[in-house]
Amino acid sequence: MASPLKDPHIAKKLVENLQGDLRSLSAEGKRKYPHVKEASEQIQLKLRTICTKSEDVMSGLVPASAEIIQPFVMGCDTKNQKIVHLCLTAVQRLISHEAISVTAADNIIGMLWNLMEAGLEELKLLQTAIILITTNSVVQHDSLAKALVLCFRLHFTKDSTTINTAAATIKHLVSCVFERVVTEDKVPIPGSTTSEVNLEELKAHSKTPPHSLRPCAGDAYLLFQDLCQLVNADQPFWLIGMTEMTRTFGLELLEAVLTSFPQIFLQHQEFSFQLKEKVCPLVIKLFSPSLKYRQGMPPPPSPTPVERPFFPIVMRLLRIVCALIKHYYCLLVTECEIFLSLLVKFLDSEKPNWQRCLALEVLHKLSVQPDLLRSFTQSYDMKLHSTKIFRDIVNGVGTYIQSQFMNSATSTTSTGNKAPDTHGTPPALVGGLPVGGGVTPQAAFMYRGVWIPIVFTVPAGQARPTYLEMLDKVEPPAIADGYGLSLAFYCLLEVVKSVRILVQGEPETESQTQKSSVKRNISAEERVLDEELINSSWCGMLAALSLLLDASTDESATEAVLKSMKMFGELCGELEMTIPRDAFITALCKASLPPHYTLTILNSTAAAAQSPGSQPKGDHSRSSSQDLASMATESVERSQVVAVGTPLPTASLPVGAHQGPVMLTAKNIQCMRSLLSVAHCNGGVLGTAWHLVLTTLQHLVWILGLKPSSGGSLKASQQISDSSNAVITTAVMADLPVLASMLSRLFESSQYLDDVALHHLIDALCKLSCESMELAYTNREPSLFAVAKLLETGLVNLHRVEVLWRPVTNHLLEVCQHPHQGMRCWGAEAVTTMVKAALSHKYATELHENVKLQSMILGPLQELSDIPQSDIRQKQLECVLQVLHNNGDKLLHGWPLILGVIGALNNDQGEKLIQTAFQSLQLVVTDFLPIIPCVYLQDCVEVAAKFGLQNRELNISLTAIGLLWNISDFFYQNRQRIESELNASQKTTKADDIPPFDALWMGLYIKQGQLCVDQRPAVRKSAGQTLFSTISAHGGLLQTGTWKKVVWQVLFPLLENVQKLSSTASNVKDEAATGNILIHHSRDTAEKQWAETCVLSLAGVARTFNAKRKILQTIGDFPRAWSLLLEYIETNAMCSNAEVSLAALKSFQEILQMSSETKDKSDELLTLMKPPSEVVMSRSEDVNKMLPRTTSGEDSDLDLSLWTAAWKVWLNIGANATKPPPSSPGGKPPDRGVYVPSQAFLTALVQTFPPLFEHIKTRFVAADLQKLSSVLRTALCVPVHGDASPFIIPSYPDVTTTPLQEASLTAMDVLIKAVQSGPESMQSMYPDIFDQLLTFVEFGVRVPKFGQIEAKAFGAVKGPQVDWVTMNFVPFAEKSVDMVVNLYIVAAKHPVVIQAHVLQKIIQTFRLPLSYKYACPSPSTWVLVINSLLTVLGVGLPVARKQGAAFQDMWAELAKTLEEFLFPKQPSPTTLSMEDFQRDETIDCKVVQMIRDDILPYSSSIPSDFVKQIMKLLNRGSIHSTSSDSFIDTDSSKKLREEFAKTCFETLLQFSFINKSRSEEGGITKMAVMSLLQRCQEVVRKHVDDERLSGKCPLPRPRLAEMASVLKAITTLLRSLKQAQPGNVDKAVWKLVLQLYPCLVDCTTSPSPSVCKALRDALHEYSDLLSPPTPTITNGTT
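Below you will find a few notes about this structure. (Residues numbered from 1 in each chain as written. Predicted model: local features only at pLDDT ≥ 70, side-chain atom pairs only at ≥ 80, totals over all residues. Heavy atoms only, no water.)

**Quick notes on the state of the cysteines**
In this structure the tally under the stated criterion is zero disulfides. Cys-766 takes part in no disulfide bond, and the closest cysteine sulfur to it belongs to Cys-770, at a distance of 6.7 Å. The class for Cys-766 is buried, based on a relative accessible area of 11%. (Disulfide = S-S within 2.5 Å. Buried < 20%, exposed > 50% of the residue type's maximum accessible area, 1.4 Å probe, protein only.)

Put into structure tokens, the structure is as follows:
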């Protein structure tokens, strides 16, 4: 390659030097080595020729360099030391001038190799190798490998100088090889693209580099590969000739490469592959001894002993791990997870101390890099199924710190061989202060008697490892006492700073508030990361920092821990992570208080803040009571005592739990300042943690003797000397004003908090105050800190009174309710102070112009009314008086609240207080009524009504009713002024709103209506008279629209309330209420008194409707009002009180009969209650003007609507009166006292229908019919009370229908006639009428239940002891059956009847009594029903055959009905006479005849499935079947329906193939024969099997009769088959006949004569079948 040296002078000098070297070599080899001399001379000539041929000497030297160096090679081969030295010098000169070619370089390396093997000039060889490889790149590939092997082998010689020099050379050459790659990567390859990496090629190790790498990269790749091989104790592939290698040296080389050239591994996939496939597995493998070894543990029982970890290996491995994590994390995410997990495991207490410290040094180096911590969290902690690496690191360091203190006092020394040094013993302490020879004691931590010094300091953000740099150590070094703890301490501090940087960014200023405001707008991904950083680390961090804070004896270390805890708590608050935030605040609070306070005050709070299991193992907290003394003692030793005071009692502890004094140390005060700083700087993010902070401050203030003074500020108590054992040192005494000032500034700064943070502060103060209130319940002195600070906070935030007013005053109101008089009075004073201060505060808008604000400020004053204590109420009224005096003229919008305070009555207050308040009301009405804004006159009405409603003083109530009349008179006298003011105040009016003046009257009427339902009869009566008098006297002032409101808001609510209260009134005579007064028996209970009110109210409303009918008809929704009035009448009609129900019916009649003639009479009734005459005179004209004129057409329309409404009311009365009573709790039936309507009531109700129907039948639709049906059904279900049953239910022999049943049938009859004669639309009701009648039919079989009432059947009544008795429905149901039949005969062909499947429903309903048959309540029922069914089928089947599609489902129902009737599940009763049995059998035969005449002849138009079922029935009936399979049948006298069987069989044969030739009946023919044969075969086989089993015991007679019947049937059938036409018999039939033959032969052993005779006849019939068939049969095909 061309030399870069272009200077001819240098070249000339080089040639001269070479000439001199050659001459010297020639001279030296003249005697012993003539070939060297000869070669030297030849090269001299060569050099002269090169110099003469070209001016550029270098360009000539390089190609000839292989020849030029030949003499020197030969000289080295002589092994002569002088000649070798001379030759090496000359070669180095050539190399340094870059005057050698590749071939020459190879020769030189060979020469060096020979010298190395000979052991000559080893240092010179290393020097030559360095020059040869570093000068340029002529040495590559195998030559480079050989040169490196040469250096490696020299490294393993015996000479220490050579070893060290070779080590340095190797490191330099390895670095040079990789630097070549960096240089090579900078040169782009023109026109080339990156070749794909072949992973298979990489996995197969070889001495050739991957094809995708350039030359220098290939060499570096092979070198790195062989280094990994050598460290792994494997043979190298490229470095051929290596004989030995130390693992430590190999690890150093690997670490140097990984640390210095990360860009190569990141840029080339081939190198990345080496990292993953070689380095990481190698590191994990070499870590194995460290993982398995456990210090102090017995060796496991394995054949191979556990290898002890070797310090040089472990230390170098950790350096490599550190480099891998630092530089290659993005490539090795999974591997780094393993490495980090190993680091955490190395912190275990079972590991050697040096190993734990090494791991800590690595973790410290990682912790100062925030980006790495972010990557750990993103890659591991945020993944679902990954190891929580970041969490484990923090927990591991924390556990390490805890383990240092958990060891015994003797274990504070190093676990190595070092003896305890002077730092292992804590210095002497007196009163918490060190004493000694004037030397400041070393900073240290002390906990549980273990004293550990802080042995070094580290600047923030830097890591300075000590033991990781000890590359020359072979044995583990002695670890300085306290080194590990100090390192872990700084490691934790760095983690906190790194997390702070990740969450908040790099801090620009020290202002915490600025930082918190900057870090607001973050993305969702960043927020998730930030939260995970906190969640992963806070538990372990809190545990460790809390321990360090507890154990610290140095103020600067304490400050560092406090700063970290504050920082972490701030981050949690900023991210709104309440649990960790509260946990850190709790730790600060614990540190601020004496030790035992930690266990009593904040334990519940801390438990709530810290989730279970949140702290790592080895938690340092001690909660047992026996530790109190030791904790207190240690706290004194760690820090100076500065104050002794009395503890604040708490409600959670019993009285006297804190008798002794408590001590505060300087550290407590330092933590208190830190706590104040947190609250002051980060109040916006404290949230719910304010409670923790304020609780702590309250206790500290109590211990320090600071007491609240006026305005809420704190001052030192003057009585501090009087308290027991209270001592405050001079230093702290000077600090007390500072602390008090800091506290005041804290609460004054609340004016700068945002609204949410202010609410959190107020909420915390309220909670704290609640705890003080709880303490005061036990009559212990409470702390007023919270109440004072609440007042202070409220007073400084009056500029935003809307934000804080409600929470502050609400709590103060709670304080006012406290039973402790002192606290209660303080609360009342506070409320009044706040109210007066707020009313005096200057607002942007004048207070009297701000309705909302004024109402809010006066609200607490009004809410004092809810407090029962009379002293609070007295103060409240005094305050009202003061407000009236000072602000009465400005109470423009405050009148409602003031009136509310006056009217805040409850029946628990004393009569005197009520009288005083009523006098105030009278004063307001007398003096202030003219100046009260008219919009608040309604409030006066409401307050007066409240006094009317109170029940402590009857006279005041009656006076208040009179006051309402006076107020109404004031309204009338000032109506023009009031009306104009109200209209002016109401700027906008909705379309449906009434005028304001009318609204005022409405309010008056409503209140009078409320008084009409008072609990006292006298008040009710007086109020009712006043209400209707007021309506009569002043109703003329109301507009027409207002009458709508009167109806809907006064009259109807009155009816509703009367109805509601009367329904709940007691029916027991109250002797205490009446005393000795004689009361008529009709009014001696509350229920009867309410009945009077109910009657009067309903009558008054009804009369009002009559009197104002024409006005009310114009209100727009009069029909709705009419309907509602009818509903109330209906409700009262349903009342159980006879008086009320009778009056309701009378009112019903009165309004229904309303006409022009009744109007005058109603008016007279209303005017009986006369108002003052002048009032009537002034408005009589208005009333006449308001009455519109109506026409007769309108009256007719009204009449129609009235009947419609009456019909609805009739339905509602019917539905509600017949509604079953609810069951009792637990599903039990209702008791005897429930209301059940009487039969007379129901009868009258039903009898009302026919005349009512005459009026509404033109609009009577199907829905009405449904409702009518429901009423009738339910009414019929109502039972009769046992006492009344003898008068209503006919006696058993004379069974007839009851009047109610007769009325129901009459109603249905009227309906049926109307439908039959009505239009087509009414005839659509046929199906519903059928449904109703069929339901009545069901009643005859299934007696309906009335809800859950348990009623006895009418026939079972033996005496009056039964509660309820059901009706006898049998005659009623039978009459219903007749009506069904008659109606169906008329309407069978109607399309609606066909479409509604009425025939199917009739069959379905008739099926019920037919299936019961003998189980029917009356034997006449099923006889009537089957005859009726035959009649119905006679009419319906022809229709069904024509309309086949509409009757598809009917056939299956008919088949089931016939089957269940002909073969009932209930056998005939044993008492049935033979005549009755024959009568029943005749009925069965009639059914079969119907099948024969009306069904089977028309099988072609009937579904085949139905025909099959009919055939099965006939088959089943054609043979005497027995229902018992037992061998012994005791009931041998069972009657057999022989006539029925004969009829069935004849029917079957009638439809077989005898004399039949029509093809259309082939299906039924084959079906009949096949099913009959199968049935016969089944019975025969069963008989044979049972006869075998019975042995000599004969079968029961019914079984033998059944068998004889079957054999006769077979005989008859065979004769019929043989007589039939040949073409009509199917082959399958003959096959079944032949299959039957063996079974018949088996019966020949039967001992029964009847069976044998029948069997002989059957077998004789087979004789004709034994002859061979004729030829004609074979040709007859089907």
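Moving on from the model shown.
**Some thoughts on the pairing of strand S3 (residues 444–447)**
Side chains Ala-444 and Met-446 project from S3 onto one buried face, and the interleaved Phe-445 and Tyr-447 project onto a second face that is buried too. Taken together, the four bridges between S3 and strand S4 (residues 450–453) define a ladder with antiparallel strand orientation. Pairing of Tyr-447 across the sheet is with Val-450, part of S4. (Helix = DSSP H or I, 4+ residues; strand = E, 2+ residues; numbered from the N terminus. Pairing = 2+ DSSP bridges.)

**A closer look at the environment of Arg-824**
Mapped onto the fold, Arg-824 is located in helix H37 (residues 821–840). Assessed through its relative accessible area of 8%, Arg-824 is described here as buried. Each C-alpha atom, one on Arg-824 and one on Ile-872, is 8.2 Å from the other, the two residues being 48 residues apart in sequence. Beyond its immediate sequence surroundings of up to four residues, Arg-824 is in contact with Val-815, Cys-816, His-818, Pro-819, Gln-869, Asp-871 and Ile-872. (Contact = heavy atoms within 4.5 Å.)

**Remarks on the packing of helix H49 (residues 1086–1107) against helix H51 (residues 1118–1133)**
Close contact between H49 and H51 brings their axes to 12 Å; oriented N to C, the two are set at 155 degrees. Taken as axis vectors, H49 and H51 run roughly antiparallel relative to one another. With respect to the hand of their crossing, H49 and H51 are arranged in left-handed fashion. On the side of H49, the interface is formed by Cys-1094, Leu-1098, Val-1101 and Phe-1105, while H51 contributes Phe-1118, Ala-1121, Trp-1122, Leu-1125, Ile-1129 and Asn-1132. (Axes fitted to C-alpha atoms, helices over the stretch in contact; angles between N-to-C directions. Parallel < 35°, antiparallel > 145°, perpendicular 65-115°, else oblique. Left-handed = near helix turned anticlockwise from the far one by under 90°.)

**Regarding the sheet that holds strand S9 (residues 727–728)**
Overall, antiparallel pairing links the three strands, which are arranged S6-S5-S9 in an open sheet. In the strand order of this sheet, the two ends are held by strand S6 (662–665) and S9, each with one partner. Sheet topology note: the strand S5 (residues 641–645)/S9 ladder contains two bridges and is antiparallel. Pairing of Val-644 across the sheet is with Val-727, part of S9.

**Some details on the packing of helix H18 (residues 333–346) against helix H21 (residues 389–406)**
When two helices pack together, their arrangement is given by the angle between the helix axes and the distance between those axes. Orientation of H18 relative to H21, taken along the N-to-C sense of each, is 15 degrees, at an axis distance of 9 Å. On the basis of the axis angle, H18 is roughly parallel to H21. Like other packed secondary-structure pairs, H18 and H21 cross with a definite hand, here left-handed. Here Glu-337, Leu-340, Ser-341 and Val-344 of H18 lie close against H21, whose contacting residues are Ile-389, Asp-392, Ile-393 and Gly-396.

**Some remarks on the pairing of S4**
By the alternation rule, side chains of S4 split into Val-450 and Ile-452 and Trp-451 and Pro-453, which are all buried. In this structure, the hairpin formed by S3 and S4 is closed by a connection of two residues, where Arg-448 is found at a positive phi of approximately 55 degrees.

**A few points about the environment of Cys-1416**
On the secondary structure map, Cys-1416 appears in the loop between helix H65 (1398–1412) and helix H66 (1419–1442). Look at Cys-1416 and you get buried, because its relative accessible area is 9%. Along the chain, Cys-1416 and Arg-1342 lie 74 residues apart, while their C-alpha atoms are 9.0 Å from each other. Other than its neighbours up to four places away in sequence, Cys-1416 contacts Pro-1409 and Trp-1422.

**Topic: the pattern of salt bridges**
A pair can form between side chains of opposite charge whenever their charged atoms are brought close. Enumeration over the complete set of coordinates arrives at 36 salt bridges. A salt bridge links Glu-829 to Lys-875, with the shortest nitrogen-to-oxygen separation between them at 3.6 Å. Placement of Glu-829 in helix H37 and of Lys-875 in helix H39 (residues 870–887) is noted, with a sequence separation of 46 residues between them. What makes Glu-829 partly exposed here is its relative accessible area of 41%. The exposure class of Lys-875 is partly exposed, given its relative accessible area of 29%. We note a salt bridge from Asp-1331 to Lys-1401, for which the minimum N-O separation is 3.7 Å. With Asp-1331 in helix H62 (residues 1326–1339) and Lys-1401 in helix H65, this pair connects stretches of sequence that are 70 residues apart. The partly exposed category is assigned to Asp-1331, whose relative accessible area is 29%. Through salt bridges with shared partners, a single ionic network connects Lys-171, Glu-252 and Arg-316. (Salt bridge = Lys/Arg side-chain N within 4 Å of Asp/Glu carboxyl O.)

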